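# Architecture at a glance
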Amino acid sequence: MADLSSLKELGTASEAAASAHVRKVDSLGRSYATGKRKNAVARVWVKPGSGKIIVNGKEFAEYFARPVLQMILRQPIVAAARDGQFDIVATVAGGGLSGQAGAVRHGLSKALTYFEPGLRSVLKKGGFLTRDSRVVERKKYGKAKARRSFQFSKR
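Presented here is a report on the structure given in the accompanying data block. (Residues numbered from 1 in each chain as written. Predicted model: local features only at pLDDT ≥ 70, side-chain atom pairs only at ≥ 80, totals over all residues. Heavy atoms only, no water.)

A word on the overall build of the protein. Within the protein, the secondary structure is distributed over five helices and five strands. Mapped from its N terminus to its C terminus, the protein presents α and β elements in the order α-β-β-β-β-α-α-β-α-α. Residue burial in the protein is summarised as follows: out of 155 residues, 28% are buried. Of the accessible surface of the protein, which amounts to about 10200 Å², a share of 56% is contributed by carbon and sulfur atoms. (Helix = DSSP H or I, 4+ residues; strand = E, 2+ residues; numbered from the N terminus. Buried < 20%, exposed > 50% of the residue type's maximum accessible area, 1.4 Å probe, protein only. Areas by Shrake-Rupley, 256 points an atom, 1.4 Å probe, with all protein chains shown as cover.)

Structural data, given as structure tokens:
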């Protein structure tokens, strides 16, 4: 029985080591993460800097013209109280502007946790690390849309 208790202790020690999040930074001092939302996929790089945000080669305010989309993109930075401390470069493809903003937000949140693992609890509490898996339902044959039937007329 003594050997079973030592195995149990080993299990708890390895679980504690696995649950501790490690910093993931490349040779250039950047953290990278992929974010997804609807049909959009964003690749996001985060590095220390002056707070510049570039999306697909443009300033983020130019790429996402609507203030709501700009607010969505900046949510993780504001929640983590790291405004103006990181330069963010993102490339995003697929979907519409709303999905792309959500994808960049998701990728940015993941990249921030890779750069600073201590921010994970704040971002997790805000719901920024959760992948929103809702996508558009496919159109079915014999239907006008996914579920909408054609108009019925008795004549």
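Having seen it, we continue.
Side chains that differ in charge, positive against negative, can pair when their charged atoms come close. Per the stated rule, a full pass over the model turns up seven salt bridges. A salt bridge links Asp-132 to Arg-37, with the shortest nitrogen-to-oxygen separation between them at 3.4 Å. Of the two residues, Asp-132 is situated in the segment after α5 (120-126) and Arg-37 in strand β1 (residues 31-37); the sequence distance between them amounts to 95 residues. Relative accessible area serves as the criterion here: at 23%, Asp-132 is assigned to the partly exposed category. Here Asp-132 and Arg-134 are joined by a salt bridge, their closest N and O atoms 2.8 Å apart. A relative accessible area of 57% means that Arg-134 is categorised as exposed. One network of salt bridges, with partners in common, ties together Arg-37, Asp-132 and Arg-134. (Salt bridge = Lys/Arg side-chain N within 4 Å of Asp/Glu carboxyl O.)

Bringing the packing of helix α3 (residues 67-79) against helix α4 (residues 97-115) into the picture now. In a pair of packed helices, the angle between the axes and the distance between the axes together describe the arrangement. Two numbers describe how α3 lies on α4: the axes approach to 8 Å, and their chain directions differ by 10°. Looking at the two axes, α3 sits roughly parallel to α4. Each of Leu-69, Ile-72, Leu-73, Gln-75, Pro-76 and Ile-77 in α3 lies in contact with α4, whose residues at this interface are Leu-97, Ser-98, Ala-101, Gly-102, Val-104, Arg-105, Leu-108, Ser-109 and Leu-112. (Axes fitted to C-alpha atoms, helices over the stretch in contact; angles between N-to-C directions. Parallel < 35°, antiparallel > 145°, perpendicular 65-115°, else oblique. Contact = heavy atoms within 4.5 Å.)

Within the secondary structure layout, Thr-113 lies in helix α4. A polar contact of 2.6 Å, which involves the side chain of Thr-113, links it to the backbone oxygen of Lys-110. When near neighbours in sequence (up to four residues on either side) are disregarded, Thr-113 contacts Arg-120, Leu-123 and Leu-129. (Polar contact = N/O pair within 3.5 Å; in protein donor to acceptor, adjacent residues only side chain to side chain.)

This brings us to the nonpolar core. In terms of nonpolar packing, the biggest core is built from 30 residues, with Val-46 and Val-55 touching the most fellow members. Among the elements that line this core, the one with the most residues is α4, at seven residues. (Core = buried A, V, L, I, M, F, W, Y, C linked by side-chain atoms within 4.5 Å.)

If you check α3, its first and last C-alpha atoms are 17 Å apart, about what 13 residues at 1.5 Å a residue would give, namely 18 Å. A bend of about 40° at Leu-73 is the largest found in α3, and the proline Pro-76 appears one to four places after it. Residues Leu-69, Gln-70, Ile-72, Leu-73, Pro-76 and Ile-77 constitute the buried set of α3. Elements that come into contact with the buried residues of α3 comprise β3 (53-55), α2 (60-63), β5 (86-93), α4 and α5. Looking one or two places after α3, you find Ala-81, whose phi comes out positive at around 55°. (Expected span 1.5 Å × (residues − 1). Bend = angle between axes of the 7 residues up to and from the residue.)

From the geometry alone we can't say anything about function, so treat these as descriptive.
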